[in-house]
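Here is how the chains run, residue by residue.
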Amino acid sequence: MSFDVAAVRALFPLLAQANGDAPLHYLDNGATSQIPQTVLDAVLSYETTSRANVLRGVHRLAEAATAAYAEARARMARFLNVDADEVIFTSGTTAAINLVAYAYGDLLKAGDEVVISLLEHHSNIVPWQLLRDRRGIVLKVLPVTDDGRLDLSTLDKIVTKRCRLIAVAHASNVTGAVSDVAAIVAAARAVGAKVLLDGAQRAPHGPIDVRALAVDFYALSGHKMFAPNGVGALWGRRALLDEMPPFLGGGEMIRTVTIERTIYADVPHKFEAGTPPIGQAIGLGTAAEWALGLDWPAISAHEMRLAQRLLDGLGRRIDTRILGPSGLQRRIPVVSFAVNGAHPHDVCQLLDTRGVALRGGHHCAQPLMDRFDLPGTVRASLALYNDDSDIDALLEGLDDAVRRLG
Ligand SMILES: Cc1ncc(COP(=O)(O)O)c(C=O)c1O
């Protein structure tokens, strides 16, 4: 079955927007993706027909909101192929990783080791540094290969018996490389460590069989997977979530409270203190369900064909260096590059005048930029609704930008 990109584009109202005189070529999906009408409708329906708080009221609206919120969790669970009561709504990937760093981190002691990598987003670095400073854990770092992948050649040496967790990106937000999860899980299991995957960049490219990945935690952000801002999810294994103390305290996460002590609610509520982002979670659930209904093999073929078109176009330029794998194996359609003698921000600004929305900078991955001795890169991050015209506009705009900057 071939993929009808025009039909998909038509589902996203913002994509019809022009950027001044130029049509919009939105290639900054790795930062935030656009949102389809069906998700907007779901949020609007909640806000206009059943807006109320969840898990407390007994009136009709409160019950409708509670049911919609529970359904959103069930949908998110189907997207991840996990049990619904193991899905915690958070405000995003950052909050999900901080939750694990705090609550799982509370089970660790000085000298225990956490392994991250050099290509992580800052949100999968800083929470572990905070944990290190709080509890005296040792933070170890997997290196990165010249083509921007996790270098697993020293995995056995870096992952020792003291390792309690390996926390890495499922897919890099800079190089697009998809991690070899099986090798990471095997190394972790050999020493009894857990594995957290930062799925922020992988989630917009189709449902994820987390059970098959055999990891212990999975984090993602709604706004990168066609859902509203301010919501994301953390999946964790039930036994681990039960063992972990709460992260935040407040309403919703309790069973009983006396002034002397509190008995916490069961998971997932134990980790959802306060009023959750209800409309946003309903939007995320709708986006997950919508994604589940799509033909992902056809979409992946489409996304990869576009990525190849971009890699070929950039590969023909002698002034451009691609940061990341040169091929399509184990990658998402995220392509970063540096242009000789041109700052990424200048390139992005000139391309913006032609309607091409890109991201330029360090992409919240400064250690990776240091590894490649670059101040930043230009990044094109594709989504299912991109088409040939987006890639061609980028490549033509780049010719023009280089002429003007040179
Ligand atoms: C790989 C990765 N992890 C984590 C994040 C943080 O996501 P959020 O800002 O939605 O919490 C991002 C955002 O760009 C990302 O790309």
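Rules of the game
- Residues numbered from 1 in each chain as written.
- Predicted model: local features only at pLDDT ≥ 70, side-chain atom pairs only at ≥ 80, totals over all residues.
- Heavy atoms only, no water.
- Pairing = 2+ DSSP bridges.
- Helix = DSSP H or I, 4+ residues; strand = E, 2+ residues; numbered from the N terminus.
- Axes fitted to C-alpha atoms, helices over the stretch in contact; angles between N-to-C directions.
- Near = heavy atom within 4 Å.
- Polar contact = N/O pair within 3.5 Å; in protein donor to acceptor, adjacent residues only side chain to side chain.
- Areas by Shrake-Rupley, 256 points an atom, 1.4 Å probe, with all protein chains shown as cover.
- 1 Å grid on protein atoms, 1.4 Å probe; cavity = no way out; pocket = protein on both sides within 12 Å on 5 of 7 lines; lining within 4 Å.
- Sits in = over half its atoms within 2 Å of the grid points.
- Nonpolar A, V, L, I, M, F, W, Y, C, P; charged D, E, K, R; others polar.
- Expected span 1.5 Å × (residues − 1).
- Buried < 20%, exposed > 50% of the residue type's maximum accessible area, 1.4 Å probe, protein only.
- Arc of directions from axis to C-beta.
- Contact = heavy atoms within 4.5 Å.

### Describing the sheet that holds strand 16 (residues 359-361)
Alright, step 1. The four strands are arranged 13-14-17-16 in an open sheet whose pairing can be described as antiparallel. One side of each edge strand has no neighbouring strand; the edge strands of this open sheet are strand 13 (320-323) and strand 16. Between one strand axis and the next, the sheet turns by 30° as a mean value, whatever way the strands run.
Alright, step 2. Bridge count between strand 13 and strand 14 (residues 334-339): four bridges; the pairing is antiparallel. Bridging from a neighbouring strand, Leu323 pairs with Ser336 of strand 14.

### Side note on the site of the ligand
Alright, step 1. Around the ligand sit Thr93, Thr94, His121, Ser123, Asn173, Asp198, Ala200, Gln201, Ser221, His223 and Lys224, and those are all the residues in its vicinity.
Alright, step 2. Within the side chain of Thr94, an N or O atom sits 2.6 Å from an oxygen atom of the ligand.
Alright, step 3. His121 places a side-chain nitrogen or oxygen 3.3 Å from an oxygen atom of the ligand.
Alright, step 4. For the ligand, the protein covers 87% of the area, taking 390 Å² as the surface of the free molecule.
Alright, step 5. Judged by its atoms lying within 2 Å of the grid points, the ligand is housed in the second largest pocket.
Alright, step 6. Along the lines of polarity and charge, the residues of the shell around the ligand split into one nonpolar, eight polar and two charged.

### Examining helix 2 (residues 37-49)
Alright, step 1. A rise of 1.5 Å per residue sets the reference length of helix 2, with its 13 residues, at 18 Å; its end C-alpha atoms lie 17 Å apart and thus fit the reference within 8%.
Alright, step 2. Where helix 2 is concerned, the buried positions are Val39, Ala42, Val43 and Tyr46. Around the axis of helix 2, the buried residues are gathered within 95° of arc, so they sit on the same side. Relative to its buried face, helix 2 has exposed residues pointing more than 90 degrees away, namely Leu44 and Thr48.

### Focus: the sheet that holds strand 4 (residues 87-90)
Alright, step 1. Strand order in the open sheet formed by seven strands is 4-10-9-8-7-5-6, with mixed pairing between adjacent strands. Among the strands making up the open sheet, the edge pair consists of strand 4 and strand 6 (138-142). With strand direction ignored, the average angle separating the axes of adjacent strands in the sheet is 20°.
Alright, step 2. When strand 5 (residues 113-117) meets strand 6, the two strands line up parallel, connected through five bridges. Bridging from a neighbouring strand, Glu113 pairs with Val138 of strand 6.
Alright, step 3. On the sheet, helix 3 (residues 60-80) packs against strand 4, strand 9 (217-221) and strand 10 (232-236) and is oriented at approximately 115° with respect to strand 4.
Alright, step 4. Packing of helix 7 (residues 181-191) onto the sheet brings it into contact with strand 7 (163-169) and strand 8 (194-198), and relative to strand 8 it is tilted by some 150°.

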